[in-house]
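# Fold and geometry: a report
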Amino acid sequence: MIVVTKTGRAFLSLLVTVISIVVVSVSSAEETPFPAVFRHVLENGLTILAKDSLPRDLAAIDIKIKAGSGLEGEYAGSGISHFVEHMVFKGTKTRAAGAIEKEIKSYGGFINAAASHDLTSFTVTVPSEHLKEAISLLKDMLLNATFEKKEFEKEREVILKEMKLNRDEPNARLSKLLYDTAYIGHPYRYPVIGYEQAFRALKREDLIKYYNKMYVPNRIVIAVVGGIDKVDAIAAIEKEFESFKPPNYMIDLQAVEPMQISARRSEEGMAISLSYLAMGFHSTRLLDKDLFAMDVLSMILGRGDNSRLNTVLFKEKEMVHAISSWNYTPKDPGLFVITASLDKENLGSVENAVLDEVDKLKNEGAKDDEIEAAKRMVLSDYIFSRQTLEEEASDLSANEVLTGDYAFSRRYVDGVQSVSKEDLKRVANKILRNDNLTVVRLVPASFIAYEPKAAVASTIEPTIKKEILPNGLRILVREDRKTPTISISVAMLGGLSVEDKHTNGISNLTARMLLKGTGIRKESDIEGALENRGGAIAPFSGFNSFGVNLTLLKPDLDFALDILKDILMDSTFPQDELDKEKGLTLAMIKDEDDDIFERGGYLLRRNLFGDHPYGLRNIGEAESIKSLKRDDLLNFYKAYCRPDNMVISISGDIEYDSVTRKISYAFSGMKDRAGPTIPTIEAGLRKSTSQTVEMEKDQSLIILCFKTVSIKNSDKYALDILGSVLSGSSGRLFHSLRDKRSLAYTLGCVQKFGLDTGYLIFYVATTKERIAEAKAALIEEIDGIKQRLIANEESILAKRELKSSHKIKMQTNDYFSFQAGLDELYGLGYDNLYKYESRIEAVAEEEIKDAANRYLDLEKCAQVIITSPPVREKGKQ
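Model, not experiment: these values are computed from the prediction.

Below, the discussion takes up the nonpolar core. With 65 residues, the main nonpolar core has Leu 313, Val 320, Ile 338, Val 354, Leu 424 and Leu 432 as its most contacted residues. Among the elements that make up this core, the one with the highest residue count is helix H9 (residues 291-302) (nine residues). Val 320 has contacts with Leu 313, Phe 314, Ala 340, Ser 341, Leu 342 and Val 350, leaving out every residue within four places of it along the chain. Counting 57 residues, the second largest nonpolar core, distinct from the first, contains Ile 711, Ile 790, Leu 825 and Leu 856.

Rendered as structure tokens:
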């Protein structure tokens with residue numbers, strides 16, 4: 001099975017519906033029964049699953065439909081499943097285009113959808129009191145979509161822009177190339193979004209035919225989880241859907257991929273600096289007895305810091321910038337995939353080195369500690385992937401529709417638990433064969449058994465408590481026993497605000513080097529050791545702070561605190577590890593410069609903030625990174641990693657007094673010392689700037705940016721509302737630029753508030769031919785919100801959306817630990833996150849208009865346009 005990482009650029013993000021998984025117990029306590037789930041099948045074949053769960057004031061509905069790119073039949077390769085998923089939002093017999101998103105927003109809810117190889121998914125999260133209204137709305141979408149001709153043509157243009165976006169993104173291109181090459185008969189070879197020519201050939205009548213054939217009750221599973229009465233929820237769904245009559249029952253014919261009998265290869269050129277390699281072996285389906293061993297094998301080989309591929313190819317030989325592996329198991333046989341980013345001259349040697357490591361596993365087998373660590377990782381993935389109601393609901397519905405067992409995740413425990421050395425060696429030799437291998441390359445164009453203990457329901461909102469040690473270290477502790485997980489954040493003032501062009505990148509590099517060795521620990525004893533226990537540690541560095549975030553399982557708290565103490569008090573910054581990190585950073589800089597959004601955002605900040613540190617690149621520039629020495633990082637570490645400049649925030653299944661004593665004991669010996677103060681520098685434009693950049697991309701990008709306010713300024717709440725009114729699928733920009741004029745696939749606005757100031761970005765991705773039109777439309781909307789008062793209805797919807805979004809974030813421990821820590825560090829107070837909803841509610845409409853007029857000044861606006869270079873005539877340079 002594949003587990004998608006937290007990064008937003010996961011290799012198979014456009015292909016995969018994920019099922020959560022679990023492995024081994026983390027507690028000696030007696031195992032509790034699987035949490036009660038009510039399952040009810042209507043006479044028309046629709047399956048309903050219901051489970052009550054915390055928090056009590058939210059409910060999530062997840063719908064899975066057996067309609068994906070692998071089931072499109074006569075429309076194979078057209079992306080019709082994805083197109084229909086878009087179109088059901090564009091109006092029903094009783095709701096006009098745009099009304100669905102607006103109605104969900106009026107409840108304070110959110111709605112999302114996705115299509116994959118096997119499924120189409122719709123997910124709604126709403127306050128519990130609006131559950132029945134949300135069910136009724138979803139029924140209307142699934143039964144009564146109208147596919148209006150005008151909306152059909154507009155959405156076609158939107159998806160064509162999405163195709164261009166995918167062509168510009170290296171990981172999406174690599175994924176498409178791998179599946180095109182690895183599969184020759186099965187429809188999994190087709191991209192979920194479709195091929196452009198086949199997509200363009202689709203008619204409105206085709207979508208209606210497909211919708212009527214596939215969106216039928218016996219192909220649908222609905223899971224509802226949250227603060228609900230299970231019986232009432234099932235009754236509400238039954239009432240809405242009982243008249244939904246199925247057609248004749250249709251059996252999906254199972255496509256069969258011919259056995260691969262020789263290696264396959266393919267290569268494409270692209271306007272990029274780095275190269276990308278993918279190696280895929282035809283693997284198991286979801287319901288295959290070898291699934292468990294292949295999943296464990298993928299983790300041993302390429303999951304995490306201490307995995308074999310990362311250890312040998314990244315750490316020891318420094319042949320790649322990143323490498324990983326996973327086992328993708330949809331309904332039909334999937335692929336065991338290894339991917340790497342690297343320099344072009346290493347392509348051949350890396351491919352050979354990967355195969356060498358695969359051969360070692362086949363011949364020598366895995367070690368006991370590797371197997372145990374892999375099982376622990378699967379357990380951790382399972383627990384952490386079920387923190388929110390949306391994740392619980394998606395887990396139940398995906399299990400049911402793909403395996404026929406909503407509790408498949410629990411059954412998976414026993415399978416993974418029972419994997420042996422012999423199983424791993426057997427499946428490695430069975431599947432990881434050279435004649436079963438597909439290799440694809442993307443190169444620069446010039447180079448062709450555990451179930452968590454049930455939580456005790458509580459109506460008391462967990463609170464945060466604060467302790468200050470004599471050395472000035474602030475400790476924040478929040479008890480939340482919902483799951484046996486813990487999140488810890490360590491935040492220190494620093495970041496870009498203490499850098500200049502000569503030291504640019506030192507904060508980010510220092511944060512990453514905290515994980516690379518101490519007086520008693522090697523690099524593999526820090527990040528890899530936590531991963532082996534199912535935890536994770538990750539550095540961060542931003543405008544005003546840097547530090548580390550940890551996630552772990554309850555029994556590993558003492559182990560994690562010991563590692564934290566070590567890295568915060570005794571990091572050694574080994575020269576060999578520093579050289580690797582500097583090399584990786586230089587590769588990351590190239591990668592950012594190849595990404596249209598990353599490059600555009602950086603150029604925009606540079607124009608907006610000029611010489612202010614906020615105008616620097618977060619990871620540094622090549623020149624500054626090359627010049628930084630080990631002593632520079634050690635001095636930075638000593639200057640800023642000190643107790644009076646630090647907050648340690650912890651949230652999860654802990655006991656306040658006990659964990660406070662442990663942290664106090666661990667860090668009481670951390671000596672206070674004098675250090676630099678964080679400067680406050682006036683930042684911002686005096687007049688407008690404009691920059692146009694040429695990149696070899698199919699899409700063009702327009703970005704406008706305005707200076708706003710610092711994180712401590714109360715105007716930020718009015719600006720948040722302003723951003724909600726303008727952005728999102730029911731916002732003004734979406735309605736005007738995408739729905740009405742089909743000018744963009746992706747657009748919106750993003751806010752960032754720092755200690756010195758903040759900024760508001762508007763962005764539109766469009767085609768080169770429509771840049772001027774898109775820019776004019778964007779400016780028109782910005783002017784419009786300044787000229788007239790926001791309607792009361794818009795303000796109410798925006799406030800509901802922001803408050804619900806905040807509630808949803810507050811379901812997870814990592815949000816609490818990180819946000820509370822930063823708020824305390826920045827002087828806002830550790831309990832500031834509890835005040836957000838009341839402060840949003842208190843904003844008056846006049847304040848929103850005033851904020852728009854005060855900060856959206858087109859005379860003080862930074863603008864960046866990224867577009868493709870002009871086409872040159874043949875023979876001309």
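Among the seven residues of strand E17 (residues 646-652), seven are classified as buried, and the element is accordingly described as predominantly covered. Burial of the side chains of E17 extends over both faces: Met 646, Ile 648, Ile 650 and Gly 652 are buried on one face and Val 647, Ser 649 and Ser 651 on the other. Pairing analysis gives six bridges linking strand E13 (residues 474-479) to E17, with the strands arranged parallel. Bridge pairing in E17 links Ile 475 to Ile 648.

Once that is clear, we can look at helix H12 (residues 368-384). Residues separated by three or four positions in an α-helix point in the same direction, a consequence of the helix having 3.6 residues per turn. Given a rise of 1.5 Å per residue, 17 residues ought to cover 24 Å, and the 24 Å separating the end C-alpha atoms of H12 matches this to within 8%. Buried residues dominate H12, accounting for 14 of its 17 residues.

This brings us to the sheet that holds strand E8 (residues 275-282). Pairing within the open sheet is mixed, and its five strands lie in the order E7-E11-E8-E10-E9. At either end of the open sheet lies a strand with only one pairing partner, and these are strand E7 (264-270) and strand E9 (322-328). This sheet shows a mean twist of 15° between the axes of neighbouring strands, independent of strand direction. In terms of strand pairing, E8 meets strand E11 (residues 437-444) through six bridges, oriented antiparallel. If you follow Phe 281 over to E11, its bridge partner there is Leu 437.

In spatial order, the strands read E18-E22-E19-E21-E20; together these five strands make up an open sheet with mixed pairing. Looking at strand neighbours, the two that pair on one side only are strand E18 (689-694) and strand E20 (747-753), the edges of this open sheet. Each strand of the sheet is rotated relative to its neighbour by a mean of 15°, with strand direction disregarded. Two strands pair when backbone bridges link them, and E20 and strand E21 (residues 758-766) are joined in this way by seven bridges, in the antiparallel orientation. Residue pairing for E21: Phe 753 is matched across the bridge by Gly 758.

Within the element layout of this structure, Asn 471 appears in the loop between strand E12 (464-468) and E13. Here Leu 473 takes part through its backbone nitrogen, which lies 3.1 Å from a polar atom of the side chain of Asn 471. Here Asn 471 is in contact with Pro 643, Asp 644, Phe 667, Ser 668, Met 670 and Asp 672, once residues within four sequence places are set aside.

Secondary-structure assignment places Thr 388 in the loop between H12 and helix H13 (389-403). A relative accessible area of 11% means that Thr 388 is categorised as buried. The residues contacting Thr 388, other than those within four sequence positions of it, are Gln 811 and Thr 812.

Looking at the protein as a whole, its pLDDT mean stands at 88, while 92% of the residues score no less than 70. Note on residues 1-34: pLDDT is under 50 here. Beyond four places in sequence and across chains, it has 117 contacts. Across residues 449-460, where pLDDT falls below 50, the model places 35 contacts with residues more than four positions away in sequence or in other chains.

Let us look at helix H26 (residues 771-787). When the terminal C-alpha atoms of H26 are compared, their 24 Å separation across 17 residues agrees well with the 24 Å that a helix rising 1.5 Å per residue should span. Taken together, the buried positions of H26 are occupied by Ile 771, Ala 774, Ala 777, Leu 778, Glu 781, Ile 782, Gly 784, Ile 785 and Lys 786. For H26, the secondary structure elements touched by its buried residues are strand E19 (700-707), helix H24 (715-726), helix H25 (732-740), E21, helix H30 (845-855) and strand E22 (861-867).

What counts, and where the lines are drawn
- Residues numbered from 1 in each chain as written.
- Predicted model: local features only at pLDDT ≥ 70, side-chain atom pairs only at ≥ 80, totals over all residues.
- Heavy atoms only, no water.
- Core = buried A, V, L, I, M, F, W, Y, C linked by side-chain atoms within 4.5 Å.
- Buried < 20%, exposed > 50% of the residue type's maximum accessible area, 1.4 Å probe, protein only.
- Helix = DSSP H or I, 4+ residues; strand = E, 2+ residues; numbered from the N terminus.
- Contact = heavy atoms within 4.5 Å.
- Pairing = 2+ DSSP bridges.
- Expected span 1.5 Å × (residues − 1).
- Axes fitted to C-alpha atoms, helices over the stretch in contact; angles between N-to-C directions.
- Polar contact = N/O pair within 3.5 Å; in protein donor to acceptor, adjacent residues only side chain to side chain.
- pLDDT = per-residue confidence, 0-100.

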